[in-house]
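What the coordinates show
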Amino acid sequence: MSWMLLLGACLLTCLGQIAQKYAVLHWQGRALGVWAKLTSPWLLLAFGSMGAGLLLWLLLLQRMPVGLAYPMLSLNFVFVTLAARWLFHETVDARHWAGVALIMAGVALLGAQA
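Structural notes, computed from the coordinates. (Residues numbered from 1 in each chain as written. Predicted model: local features only at pLDDT ≥ 70, side-chain atom pairs only at ≥ 80, totals over all residues. Heavy atoms only, no water.)

A few words on the overall build of the chain. When helices and strands are counted, the chain shows 6 helices and 0 strands. In the chain, the order of α-helices and β-strands from amino to carboxyl end is α-α-α-α-α-α. Expressed along its principal axes, the backbone C-alpha trace of the chain runs to roughly 50 × 35 × 15 Å. Residues counted as buried form 30% of the 114 residues belonging to the chain. Sequence-distant contacts in the chain: of pairs separated by 6 or more residues, those separated by 24 or more amount to 73%. When the accessible surface of the chain is totalled, it reaches about 7,300 Å², and 70% of it is carbon and sulfur. (Helix = DSSP H or I, 4+ residues; strand = E, 2+ residues; numbered from the N terminus. Buried < 20%, exposed > 50% of the residue type's maximum accessible area, 1.4 Å probe, protein only. Contact = heavy atoms within 4.5 Å. Areas by Shrake-Rupley, 256 points an atom, 1.4 Å probe, with all protein chains shown as cover.)

Structural data, given as C-alpha cells:
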C-alpha cells in the first residue's frame with residue numbers, strides 16, 4: 001500500500017508539473033489578464049493534481065519513515081525528464097540521462113532496504 005501511495009504522489013506531482021508547463025505555453029502570445037491566467041484549465045489541473053499529490057504524500061508519511069520516503073520522491077525528476085523529452089521534445093543530454101540512471105539506482109537501493 002505504501003508503494004502505491006508513493007507512486008501516486010509522484011505521478012500526481014509530475015502531472016502537476018506538466019500541466020504548469022502547458023499553462024505557460026497556453027499563455028504565450030496571448031494578451032490574457034490575471035483572472036484568465038488564474039482560471040486556465042491547465043493551471044487548475046496543476047493545482048488539483050499537486051494538491052492531490054500532497055494529500056497522498058501526507059498519507060504516505062503516516063506509513064513510511066520520512067528518511068526513506070523523501071529520497072523516493074526523486075522519481076519525480078525521472079518522470080519529468082521523460083515527459084520533457086517526449087511531450088515537449090526538449091533535448092536531454094547524456095549527462096542528464098546519467099543523472100536519471102543514478103536516481104533510479106538510488107531508488108532501487110532504497111527500495112531493497114525497505
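Another aspect to go through is the environment of Leu-38. Turning to its location among the elements, Leu-38 is positioned in helix 2 (residues 34-38). Sequence separation between Leu-38 and Ala-23 is 15 residues; the distance between their C-alpha atoms is 9.7 Å. Setting aside residues up to four positions removed in sequence, Leu-38 forms contacts with Leu-43 and Leu-44.

To continue, consider the packing of helix 1 (residues 2-27) against helix 5 (residues 75-86). Between helix 1 and helix 5, the least distance of the axes is 9 Å, while the angle of their chain directions is 40°. Here helix 1 lies oblique to helix 5, going by the angle between them. Pair helix 1 / helix 5 crosses with right-handed handedness. Every residue of helix 5 that contacts helix 1 at Leu-7, Cys-10, Leu-11, Thr-13, Cys-14, Gln-17 and Ile-18 is listed here: Leu-75, Asn-76, Phe-79, Val-80 and Ala-83. (Axes fitted to C-alpha atoms, helices over the stretch in contact; angles between N-to-C directions. Parallel < 35°, antiparallel > 145°, perpendicular 65-115°, else oblique. Left-handed = near helix turned anticlockwise from the far one by under 90°.)

Tallied over the entire structure, the rule returns 3 aromatic pairs. In this arrangement the basic side chain of Lys-21 is found over the ring face of Phe-88, its NZ or CZ atom lying 5.8 Å from the centre. (Phe/Tyr/Trp six-rings, centres within 6.5 Å; stacked < 30°, edge-to-face > 60°. Lys NZ or Arg CZ within 6 Å of the ring centre and 35° of its normal.)

It is worth spelling out helix 5 at this point. With 12 residues, helix 5 should cover 16 Å at 1.5 Å per step; its first-to-last C-alpha distance of 17 Å lies within 8% of that length. Among the residues of helix 5, Leu-75, Asn-76, Val-78, Thr-81, Ala-83 and Ala-84 are the ones counted as buried. (Expected span 1.5 Å × (residues − 1).)

Tracing the backbone through its elements, the reader meets Thr-13 in helix 1. A polar side-chain atom of Thr-13 sits 2.7 Å from the main-chain carbonyl oxygen of Ala-9. Residues in contact with Thr-13, not counting those within four places in the same chain, are Met-50, Gly-53 and Asn-76. (Polar contact = N/O pair within 3.5 Å; in protein donor to acceptor, adjacent residues only side chain to side chain.)

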